[in-house]
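Given next are the chains, with one letter for each unit.
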Amino acid sequence: MKRNLIAFGIATLVSGAVLASEITVPDLETLIRGSGSAVPTGALPELSLPKPVVIPEVAPAEPDIPEDTPNIAVTDTPTADIPAPIPPKVTSGGIGGHAELGSGSPSVFHGDVLVAQEDGDLPGFTAAFSHDSADGYGTKDSGRGYFDRSTVLSLLFFHIKASHPWHAGITARERSDGLQGLSQDYYSISTRTVDWTGALDFYRNEDAGLRASLSFEGGVYSFAGERPLSATAPVFSVADWRGFRMSPGLSFTASRGEVTAGLHGSYEVESEAEAGDLQSLRADLQLSWLLDPVTLFATAGVFYDSEEGILPPFEAGLRYEREDSLFSKAHISGGLLLTRQNIVDLALEDPFIRKAGLSVYAADWFGKARLDLSIPSGFSAGLGLLWRRTWDKRYTLVSTGTAGVDGLINLDLVSRESLETEASVARAVGIWNLGVSWKAEWMDAPYVDAVHWLTANAEVADRSIHELWALFGDISVAVDGDDLPRLALGFSYRPLGRLKLTLSAQDLLYLVSADERLINDIYRERGGSVMLSGRIDF
């Protein structure tokens, strides 16, 4: 299962790897090994609790926010260091990987292949291909425009054991979604992207604690509506959208004893055929002081973009970590948070949004806190909160849930004050692994119906080194809404050492219900599905 997660991580991390705005300044070797930097401050802190094995997805993985929630996830502004994924552990000959195929109903097909070689005297590499598709939602027949499909190809090369560690990667992605008969002129819409990323430590002096790094990332993208070849000129056209983005960066880091200082700068240019250009500059000074088990940190920066002008993002706080204590981890920080909202990234959550314009740089006053507890007898628990309030006119971009004449969902810039909370408890004992979590929004949640979600998951599995079998499931309930609960169940069995078979059902209640799941109360979701898959490790 870890390899499943790694395989999908390659498709996401390489295509747009992003650093958090926290103060930790890991070196390139740490980044490539997969630990990355700290959790982005633009998202509610995740609680480090054990979870049951996740049922293999038959669709591209979704963010932690429940699917019914049309709030659009945002990503932090990139800085110089770019994390890259770790390859799977090789099994023989220095090269390892897996191949997985699955099929089911409604016309579901899933496949992914991963081949990787660890870093050594020669650079390592990771090559991954994945495809997911479904045609026919609920009671709708195939070929009626109720479909989605996604294909991703990624290549990553890295050399963390070199005297000057480096990595370079490229990802090509295509996604198509049927318009479900809601457009009189178009059958479907498609988005295509090619993204690249790279980084190089061009100077390292371990004795003096000095390091200097270069980074580069960017991409090209396009969006278009697809029409039957015999169709007449459209009454309401779906506008094409195409452009590119480039962002080089430079970082300097110095460490002396328990104190680390970093200076990071980046430039970004984004251009779209109709909207023109957007340019931005950012510089940050970061400081951290380790007083084990507490780390104090602070950052102050200046940001400029050609649309909205100057902004002074900053953050200050502390982290605590002691694994042998009841309070195993704690974090508290606050400041002015800057997040870059990219249209392509927003479309990953809502494929039917209108693709137009350039990225938006939103800013919020924020404060966040988290606490993880390790309780005897296999229990663990956690609490987290994130408060945000829009700064000046640096508004947040969200989906309105209303469609234009072309059938695409409109976007809106809104001011908001948000308070998100999360509470979790889990227990791992014997062959069992159980967990319950509750996520809630207590203030503004623009265009969202359900904001309180209760989730429970469970797994019972063979814990031997062979991992012969596992039975697992989870359920999510909208406490403040009338949405049908989301229930997923699955069973896996390993008849041979390197072959695993899995039977899984996603959104099981939807399969046996007459209810519809809708995106923005307009478009149907894929909904329930059943899939049988087989995976071979090599």
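This text follows the structure it describes.
Residues numbered from 1 in each chain as written. Predicted model: local features only at pLDDT ≥ 70, side-chain atom pairs only at ≥ 80, totals over all residues. Heavy atoms only, no water.

**Q** How should I be thinking about the overall build of the protein chain in this particular structure?
**A** Scanning the protein chain for helices and strands turns up four helices and 28 strands. The buried share among the 538 residues of the protein chain stands at 49%. For the protein chain, the accessible area works out to roughly 24100 Å², and carbon and sulfur atoms hold 62% of it. (Helix = DSSP H or I, 4+ residues; strand = E, 2+ residues; numbered from the N terminus. Buried < 20%, exposed > 50% of the residue type's maximum accessible area, 1.4 Å probe, protein only. Areas by Shrake-Rupley, 256 points an atom, 1.4 Å probe, with all protein chains shown as cover.)

**Q** Would you mind going over a nonpolar patch on the surface with me for this structure?
**A** A surface patch of nonpolar side chains, about 940 Å² in accessible area, is lined by Leu326, Phe327, Ile375, Phe379, Val425, Val436, Trp438, Trp442, Met443, Leu454 and Val479. Positionally, leucine 454 belongs in strand β22 (residues 452-461). What makes leucine 454 partly exposed here is its relative accessible area of 38%. (Patch = residues over 30% accessible without salt bridge, like charges linked within 9 Å, V, L, I, M, F, W, Y side chains within 5 Å. Salt bridge = Lys/Arg side-chain N within 4 Å of Asp/Glu carboxyl O.)

**Q** Please explain a negative patch on the surface as it appears in this structure.
**A** Taken together, Asp449, Asp480, Asp482, Asp515 and Asp521 make up a surface patch of like negative charges. Following the sequence through the fold, aspartate 449 ends up in the loop between β21 (432-441) and β22. (Lys, Arg positive; Asp, Glu negative; His and termini not counted. Charge placed at Lys NZ, Arg CZ, Asp CG, Glu CD.)

**Q** Sorry, what's going on with the pairing of strand β9 (residues 241-256) here?
**A** Each regular strand carries side chains that alternate between the two faces of the sheet. Bridge count for strand β8 (residues 210-226) against β9 is 14 bridges, and the pairing is antiparallel. Bridge pairing in β9 links alanine 212 to phenylalanine 252. In terms of strand pairing, β9 meets strand β10 (residues 259-272) through twelve bridges, oriented antiparallel. Looking at β10, one finds that threonine 253 is bridged to glycine 262. A loop of two residues connects β9 with β10, the two strands running antiparallel in sequence, and glycine 257 in this loop sits at a positive phi of about 65°. (Pairing = 2+ DSSP bridges.)

**Q** Just checking my understanding: could you explain unusual backbone geometry for this structure?
**A** Both trends apply: most residues other than glycine have a negative phi, and most peptide bonds are in trans. Note the cis peptide between serine 105 and proline 106, where omega equals 10°. One can find proline 106 in the loop between β2 (95-105) and β3 (108-117). Residue proline 293 follows aspartate 292 across a cis peptide bond; omega there is 10°. Structurally, proline 293 is set in the loop between β11 (276-291) and β12 (294-305). Its identity as a non-glycine residue notwithstanding, serine 107 has a phi of 45°, on the positive side. Along the chain, serine 107 falls in the loop between β2 and β3. Serine 107 gets classed as partly exposed once you look at its relative accessible area, which sits at 41%. Despite not being glycine, aspartate 521 shows a phi value in the positive range, around 60°. Tracing the backbone shows aspartate 521 in the loop between β26 (518-519) and β27 (523-524).

**Q** Teacher, can you tell me more about the environment of phenylalanine 244 here?
**A** Assignment of secondary structure puts phenylalanine 244 in strand β9. Taking the relative accessible area as the measure of exposure, phenylalanine 244 reaches 33% and is therefore partly exposed. Those residues in contact with phenylalanine 244 that lie beyond four places of it in its chain are Gly219, Val220, Tyr221, Val269, Glu270 and Ser271. (Contact = heavy atoms within 4.5 Å.)

**Q** How do you make sense of the environment of glutamate 217 when you look at a structure like this?
**A** Topologically, glutamate 217 is positioned in strand β8. Take glutamate 217: its relative accessible area is 4%, and that puts it in the buried class. Sequence spacing of glutamate 217 and aspartate 195 is 22 residues, and the spatial spacing of their C-alpha atoms is 7.6 Å. Polar side-chain contacts of glutamate 217 include one of 3.1 Å to the side chain of arginine 245. (Polar contact = N/O pair within 3.5 Å; in protein donor to acceptor, adjacent residues only side chain to side chain.)

**Q** Can you help me understand the pattern of salt bridges in this one?
**A** Between side chains of opposite charge, pairing is possible as soon as their charged atoms come close. Scanning the entire structure with this criterion turns up 23 salt bridges. With its nearest N and O atoms 2.6 Å apart, the salt bridge here joins arginine 192 to glutamate 174. Here arginine 192, found in strand β7 (residues 188-205), pairs with glutamate 174, found in strand β6 (residues 166-178); they are 18 residues apart in sequence, far enough to count as distant. Taking the relative accessible area as the measure of exposure, arginine 192 reaches 37% and is therefore partly exposed. Given the relative accessible area of 30%, glutamate 174 is considered partly exposed. For arginine 204, the salt bridge goes to glutamate 206, with nearest N and O atoms at 3.1 Å. A single network of salt bridges, built from pairs that share partners, joins Glu217, Arg245, Glu268, Glu270 and Arg340.

**Q** Could you clarify how one ought to interpret the nonpolar core in this entry?
**A** Within soluble globular proteins, side chains that are nonpolar generally end up buried alongside one another. One finds Leu179, Ile189, Phe223, Trp241, Phe352 and Tyr523 to be the most contacted residues of the largest nonpolar core, which totals 19 residues. The element that contributes the greatest number of residues to this core is helix α3 (residues 343-349), accounting for four residues. Residue contacts for tyrosine 523: discarding those within four places in its chain leaves Leu179, Gln180, Leu182, Phe352, Gly407, Leu408, Ile409, Arg517 and Leu518. Within the second largest apolar cluster, nine residues are counted, among which are Phe303, Tyr361, Ala363 and Trp391. (Core = buried A, V, L, I, M, F, W, Y, C linked by side-chain atoms within 4.5 Å.)

**Q** How should I be thinking about the packing of aromatic side chains in this particular structure?
**A** Pairs of aromatic rings are described using the distance from one ring centre to the other and the angle between the two planes. Per the counting criterion, the structure on display carries eight aromatic pairs. Measuring from ring centre to ring centre gives 6.5 Å for phenylalanine 125 and phenylalanine 157, while their planes differ by 40°; the resulting arrangement is tilted. Of this pair, phenylalanine 125 sits in strand β4 (residues 124-135) while phenylalanine 157 sits in strand β5 (residues 147-159), and the two are 32 residues apart along the sequence. Taking the relative accessible area as the measure of exposure, phenylalanine 125 reaches 21% and is therefore partly exposed. The cationic tip of arginine 227 hangs over the ring face of tyrosine 186; the distance from NZ or CZ to the ring centre is 5.7 Å. (Phe/Tyr/Trp six-rings, centres within 6.5 Å; stacked < 30°, edge-to-face > 60°. Lys NZ or Arg CZ within 6 Å of the ring centre and 35° of its normal.)

**Q** Which parts of the structure should I look at to understand the pairing of β11?
**A** Looking at chain direction, β10 and β11 are connected through 14 bridges and run antiparallel. Bridge pairing links serine 266 to arginine 282 in β11. Counting the residues that bridge the hairpin from β10 to β11 gives three residues. Remark: two residues form the turn of the hairpin made by β11 and β12, two consecutive strands paired antiparallel.

**Q** How do you make sense of the environment of lysine 161 when you look at a structure like this?
**A** Secondary-structure assignment places lysine 161 in the loop between β5 and β6. Taking the C-alpha atoms as reference points, lysine 161 and glycine 120, separated by 41 residues in sequence, lie 6.5 Å from one another.

**Q** What should I look at first to understand empty space enclosed by the protein in this one?
**A** Rolled over the atoms, a probe with the dimensions of a water molecule shows which regions are left empty. The full count for this structure, using the stated rule, is six cavities of 30 Å³ or more. Looking at the largest cavity, its volume works out to about 130 Å³. In terms of lining, the largest cavity is formed by 15 residues, of which the most central are Arg175, Thr191, Ala347, Leu348 and Lys355. For the lining of the largest cavity, the secondary-structure elements that each account for two or more residues are β6, β7 and α3. The greatest single-element share of the lining of the largest cavity, amounting to five residues, is contributed by β7. Across the lining of the largest cavity, the residue classes tally to six nonpolar, three polar and six charged. (1 Å grid on protein atoms, 1.4 Å probe; cavity = no way out; pocket = protein on both sides within 12 Å on 5 of 7 lines; lining within 4 Å. Points joined across faces, edges and corners; volume = space filled by probe spheres on them. Nonpolar A, V, L, I, M, F, W, Y, C, P; charged D, E, K, R; others polar.)

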